[in-house]
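A closer look at the structure
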Amino acid sequence: RAKQEGRNQICCFEQRQDVRAHMDHELSQEMGKSIALGEFKLHFQPQFSIMSGKQTGFEALMRWDHPVRGWISPGTFIQIAERNGLILPLSEFALREACTTAAQWTQPLRVAVNLSPIQFKKIDLVPMVESILKETGLPAHRLELEVTESLFIQSNQRTIETLKQLRTMGITIALDDFGTGYSSLSYLSSFPIDKIKIDRSFVRDLANSHGNMAIISAMIGIGRSLDIEVLAEGIEDKETLEMLRVAGCQEAQGYYLGRPRDLAAEPGFEMSQPALDDIAEKAKALKL
Ligand code: C2E
Ligand code: MG
Ligand code: MG
Ligand code: MG
């Protein structure tokens, strides 16, 4: 009987794997057409300075508005796009769309765009970024590009050169998901990085976990000694925000401060009073 159950579990596991593989395959097949049809959208999540309580920018986060399946999270489709090669057009769309949107804001907020390591490998990023900035009229200092530690695992001279050139243009380079990769810390002093984003996994449960607080304090210390800005992501409550403020973290992002939202559905969102009230209220909370 136990043997039978064991066999059933294996069977169910295999079935689940199968369903997953089948869905991935379908999404992969549909993706090209969906890009052309404009089913990919950007949502924007606000980022704040912890000291001043002022908004500093927005991070652009991609979503797939699928006609049958509804909103699909990038956690599901980015990997698929990286495998089928469509990450390149998808990323170019995200960058252009983010810059176009940000150029229309009445306040000079920064926009952060996530990059894939594939872009560094397969294309010449510098001319692409240059032409998108020119085309959209967004000043380079209002663009932030997010990379992950995986970029540094098999980094070559070209990757470093590309990052240096982007930085020379005035673009900010942020290291996303900081602390979750396998890289050694030594890259922090050898790669051109302006900002680290402490991953949500360290920020979650901060109020109940001494271990994580020690790690976060150490990360903030590293940032300070290397003159790298530190942003904490995934802040979901006031207590966590307060702990980060006390620890000396400079910037904050998370559901407590604002969820990613569809700014296209809020024309003139900066003038809309509810949004302003909301931000003012959050700023008050930040000052405490
Ligand atoms: P990320 O860049 O680290 O983005 C942060 C993720 O955490 C986002 O998920 C965001 O919605 C979520 N988040 C923010 N605050 C909170 C919070 O307080 N609580 C919780 N539980 N979650 C929070 P999302 O939008 O699903 O994106 C997931 C990942 O997909 C991103 O992680 C990024 O690595 C990738 N991604 C998103 N857009 C793009 C893109 O345009 N290009 C590339 N290459 N990757 C992207
Ligand atoms: Mg990011
Ligand atoms: Mg992040
Ligand atoms: Mg993350």
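Counting starts from 1 at the beginning of each chain's written sequence and moves along it residue by residue. Ligands are numbered from 1 and chains lettered from A, in the order in which they are written. With pLDDT at 70 or above as the cut-off, local features in this predicted model cover only qualifying residues; side-chain atom pairs require 80 or more to be listed or tallied, and sums for whole chains, interfaces and linings still use all residues. To get the side-chain values, all heavy atoms of the structure are used, and hydrogens and water are removed first.

Some points on the confidence of the model for the protein chain
As a reminder of what qualifies: The pLDDT value expresses, per residue, how confident the predictor is, ranging between 0 and 100. Contacts are assigned to residue pairs with any non-hydrogen atoms lying within 4.5 Å of each other.
This prediction gives the protein chain a mean pLDDT of 89; 89% of its residues lie at or above 70. Taken as a whole, residues 271–276 scores under 50 in pLDDT and shows three contacts with residues more than four places along the chain or in a different chain. For this predicted complex, the interface score ipTM comes out at 0.98, while the overall pTM is 0.90.

Notes on the site of ligand 1
Using the following cut-off: A cutoff of 4 Å decides nearness: a residue is near a molecule or strand if any of its heavy atoms lies inside that distance of it. Nitrogen and oxygen atoms within 3.5 Å of one another constitute a polar contact, given that in protein one can donate a hydrogen and the other can accept it, and given that sequence-neighbouring residues count only through two side-chain atoms. All accessibility values rest on the Shrake-Rupley procedure with a 1.4 Å probe; residue burial counts only the protein chains present in the view. By definition, any uninterrupted DSSP run of H or I lasting at least four residues is a helix, any uninterrupted run of E lasting at least two residues is a strand, and each is numbered from the N terminus. Here the term charged refers only to Asp, Glu, Lys and Arg, the term nonpolar to Ala, Val, Leu, Ile, Met, Phe, Trp, Tyr, Cys and Pro, and the term polar to all other amino acids, Gly among them.
In the vicinity of ligand 1 lie 22 residues, with Arg 63, Asn 114, Asp 176, Glu 236 and Tyr 255 positioned nearest. Measuring from an oxygen atom of ligand 1, one finds a side-chain N or O atom of Asp 176 at 2.8 Å. Relative to its free-state accessible area of 800 Å², ligand 1 is covered by the protein chains to the extent of 84%. Sorting the residues of the shell around ligand 1 by element identifies strand S2 (55–66), helix H2 (74–84) and strand S6 (172–178) as the ones contributing at least two each. For the shell around ligand 1, the element with the most residues is S2, which contributes four residues. Taken together, the residues of the shell around ligand 1 sort by class into nine nonpolar, five polar and eight charged.

Focus: helix H10 (residues 210–226)
How we decide: Helix span, expected: 1.5 Å multiplied by one less than the number of residues in the helix. Whether a residue is buried, partly exposed or exposed follows from its accessible area with a 1.4 Å probe, protein chains only, as a fraction of its type maximum: under 20%, in between, or over 50%, in that order. Comment: arc refers to directions from the helix axis out to C-beta atoms.
Its 17 residues give H10 an end-to-end C-alpha distance of 25 Å, which sits within 8% of 24 Å, the value for a rise of 1.5 Å per residue. Within the sequence span of H10, burial applies to Asn 212, Met 213, Ile 216, Met 219, Ile 220 and Gly 223. Across the axial projection of H10, the buried residues extend over an arc of 125 degrees, all falling on one side. Away from its buried face, by an angle of more than 90 degrees, H10 presents the exposed residues His 210 and Ser 225. Along its buried surface, H10 packs onto S6, strand S7 (195–198), helix H9 (200–203), strand S8 (229–232) and helix H11 (238–247). Count one or two residues on from H10 and you reach Asp 227, which has phi positive near 60 degrees.

Thoughts on the coordination of the magnesium ion (ligand 4)
The line we're drawing: Counted as donors are N, O and S atoms no farther than 2.8 Å from the metal, or 3.2 Å for Na, K and Ca; water is not among the atoms, and sites may therefore look incomplete.
Summarising the metal site, the magnesium ion (ligand 4) is bound by the protein donors Asp 177 (OD), Asp 199 (OD) and Glu 233 (OE), whose distances to it range over 2.2 to 2.8 Å. Read in sequence order, the donor residues for the magnesium ion (ligand 4) give the motif D-x21-D-x33-E. Look at Asp 177 and you get partly exposed, because its relative accessible area is 26%.

A short note on the pattern of salt bridges
The cut-off we apply is this: Note on definitions: salt bridges are taken to be side-chain nitrogens of Lys or Arg within 4 Å of carboxyl oxygens of Asp or Glu.
Per the stated rule, a full pass over the model turns up 13 salt bridges. Of the charged contacts, one joins Asp 65 and Lys 41 as a salt bridge, the two residues approaching to 3.1 Å between their closest N and O atoms. One end of the pair, Asp 65, is in strand S2; the other, Lys 41, is in strand S1 (residues 40–49), and 24 residues separate them in sequence. We classify Asp 65 as partly exposed; its relative accessible area is 28%. Its relative accessible area of 31% is what places Lys 41 among the partly exposed residues.

Structural notes on the environment of Ser 28
Take Ser 28: it is sitting in helix H1 (residues 2–36). The sequence separation of Ser 28 and Phe 77 amounts to 49 residues, and the corresponding C-alpha distance is 8.2 Å. The contact partners of Ser 28, leaving out residues within four places of it in the chain, are Ile 80 and Asn 84.

Examining the side chain of Thr 162
Examined against the element boundaries, Thr 162 turns out to sit in helix H7 (residues 157–168). Dropping the residues within four chain positions of it, Thr 162 is found in contact with Phe 120, Leu 125 and Val 126.

As for the packing of aromatic side chains
Applied cut-off: Note on ring pairs: Phe, Tyr and Trp rings are taken, using the six-membered ring of Trp, and paired if centres are within 6.5 Å. Classes follow the plane angle, with under 30 degrees stacked, over 60 edge-to-face and the rest tilted.
By the definition in use, this model includes nine aromatic pairs. For the pair Phe 40 and Phe 77, a centre-to-centre distance of 5.2 Å together with 75 degrees between the ring planes defines the contact as edge-to-face. Placement of Phe 40 in strand S1 and of Phe 77 in helix H2 is noted, with a sequence separation of 37 residues between them. Classification of Phe 77 as buried rests on a relative accessible area of 0%. Considering the side-chain rings of Phe 152 and Phe 191, the 4.0 Å spacing of their centres and the 35 degrees angle between planes classify their relative orientation as tilted. A residue pair is termed long-range when its members are at least 10 positions apart, and Phe 152 in helix H6 (residues 150–153) and Phe 191 in the loop between helix H8 (187–190) and S7 qualify at 39 residues.

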